[in-house]
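Now for the letters of each chain:
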Amino acid sequence: DTGVSQDPRHKITKRGQNVTFRCDPISEHNRLYWYRQTLGQGPEFLTYFQNEAQLEKSRLLSDRFSAERPKGSFSTLEIQRTEQGDSAMYLCASSLVGTGAHEQFFGPGTRLTVL
Amino acid sequence: AQKVTQAQTEISVVEKEDVTLDCVYETRDTTYYLFWYKQPPSGELVFLIRRNSFDEQNEISGRYSWNFQKSTSSFNFTITASQVVDSAVYFCALSGPTGGGNKLTFGTGTQLKVEL
C-alpha cells in the first residue's frame with residue numbers, strides 16, 4: 001500500500017521562472033489537498049479537489065498559482081513567475097471522503113527555493 | 001473563523017520523562033474534528049490521531065495519550081516515558097464545516113527535543 005508521493009522533493013529556481021510540482025495520492029482517495037508550509041509555521045491550506053473538480057482555493061493562492069487534477073488521479077501545482085516569497089515547502093495530502101474518515105495523509109513535500 | 005493555538009514553541013526533556021503538548025482551539029462549529037500530526041526532521045507529516053467533537057472519551061495508544069476537553073476547548077497530547085525518537089515538531093489541527101472541505105487549520109507547532 002503506497003502512500004502519497006510528490007515530485008520533485010527539492011526545486012531550486014531563479015526568480016521569474018515557472019515551476020510545476022506533481023502529487024500522486026493514495027490510489028483510492030477521492031480528495032486531494034495542497035498546503036504550503038514556511039519555516040516555523042504550520043501548513044496553510046491552498047486548494048483542494050474532489051475527484052477532478054477543484055472545489056476551493058485559498059486567498060493565499062494568487063493568480064500566479066494554478067492547480068489541476070485531470071481524471072481525478074494525480075495533481076499538479078504550477079507557479080508562474082516565481083517570487084522569493086514563494087520559497088516554502090509545498091505539501092500534498094489525500095483523504096477518502098464518504099466513509100466517515102476524515103484524516104488526511106501527507107506526502108513528503110516539495111521544498112522550493114527561489115533565488 | 002477557526003483557530004488553533006499551540007503556545008509552547010519548544011520543549012526539551014530528558015529521555016524517560018513524561019511530556020504534555022498543549023493545544024487550544026476556536027471554532028463556531030458544533031461538529032468538528034481534531035487531529036495531531038508529527039513532523040520528524042525528514043519533513044513528512046505523520047498522522048497520529050483524530051477525535052470527533054461529539055466523542056470526549058480520552059484515548060491511549062501505547063506511550064501516547066490524548067485528553068480532549070470541550071469545556072476548555074483543549075486537546076492535549078501526552079507522551080509517557082519519552083524517547084529520543086519522539087523528537088519532532090508536533091502539530092495540532094482542526095477541521096469542520098466552517099472551514100469547508102474538511103481542510104485542516106494547523107497550529108504553529110511545538111518542537112519537542114528529547115535528549116539522553
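Scroll up to find the structure.
What you see is a predicted model; the values in this text were computed from it and never measured. (Residues numbered from 1 in each chain as written. Chains lettered and ligands numbered in written order. Predicted model: local features only at pLDDT ≥ 70, side-chain atom pairs only at ≥ 80, totals over all residues. Heavy atoms only, no water.)

A.B. asks: Can you help me understand the layout of surface pockets in this one?
C.D. replies: Rolling a probe over the atoms, with the probe sized like a water molecule, indicates the empty space that remains. The space that makes up the largest pocket amounts to roughly 560 Å³. Lining the largest pocket are 21 residues, with E44(A), F45(A), Q2(B), K103(B) and T105(B) sitting closest to its centre. Its residues assigned to classes, the lining of the largest pocket comprises seven nonpolar, nine polar and five charged. In this structure, the second largest pocket is lined by 27 residues; those nearest its centre are Q37(A), L39(A), G40(A), Q39(B) and V89(B). Sorting the residues of the lining of the second largest pocket by element identifies β9 (88-95) and β11 (110-114) of chain A together with β10 (88-95) and β12 (110-115) of chain B as the ones contributing at least two each. (1 Å grid on protein atoms, 1.4 Å probe; cavity = no way out; pocket = protein on both sides within 12 Å on 5 of 7 lines; lining within 4 Å. Points joined across faces, edges and corners; volume = space filled by probe spheres on them. Nonpolar A, V, L, I, M, F, W, Y, C, P; charged D, E, K, R; others polar. Helix = DSSP H or I, 4+ residues; strand = E, 2+ residues; numbered from the N terminus.)

A.B. asks: Explain the interface of chain B and chain A here, please?
C.D. replies: How big an interface is tends to be stated in terms of accessible area lost as the parts join. Each partner contributes to the interface: chain B provides 20 residues, whereas chain A provides 22 residues. When the two sides are added together, the surface that chain B and chain A hide from each other amounts to roughly 1700 Å², 53% of it contributed by carbon and sulfur. Across the contact surface, chain B and chain A share two salt bridges. Taken together, the links from chain B to chain A amount to six residue pairs in polar contact (both at pLDDT 80 or more). Every element with two or more residues in the side of chain B that touches chain A is listed here: β5 (33-39) and β6 (46-52) of chain B. Tallying contributions element by element places β5(B) first for the side of chain B that touches chain A, with four residues. Looking at the side of chain B that touches chain A, its residues break down into eight nonpolar, nine polar and three charged. (Contact = heavy atoms within 4.5 Å. Buried area = accessible area lost by both parts, 1.4 Å probe. Salt bridge = Lys/Arg side-chain N within 4 Å of Asp/Glu carboxyl O. Polar contact = N/O pair within 3.5 Å; in protein donor to acceptor, adjacent residues only side chain to side chain.)

Taken by themselves, the reported measurements are silent on function.
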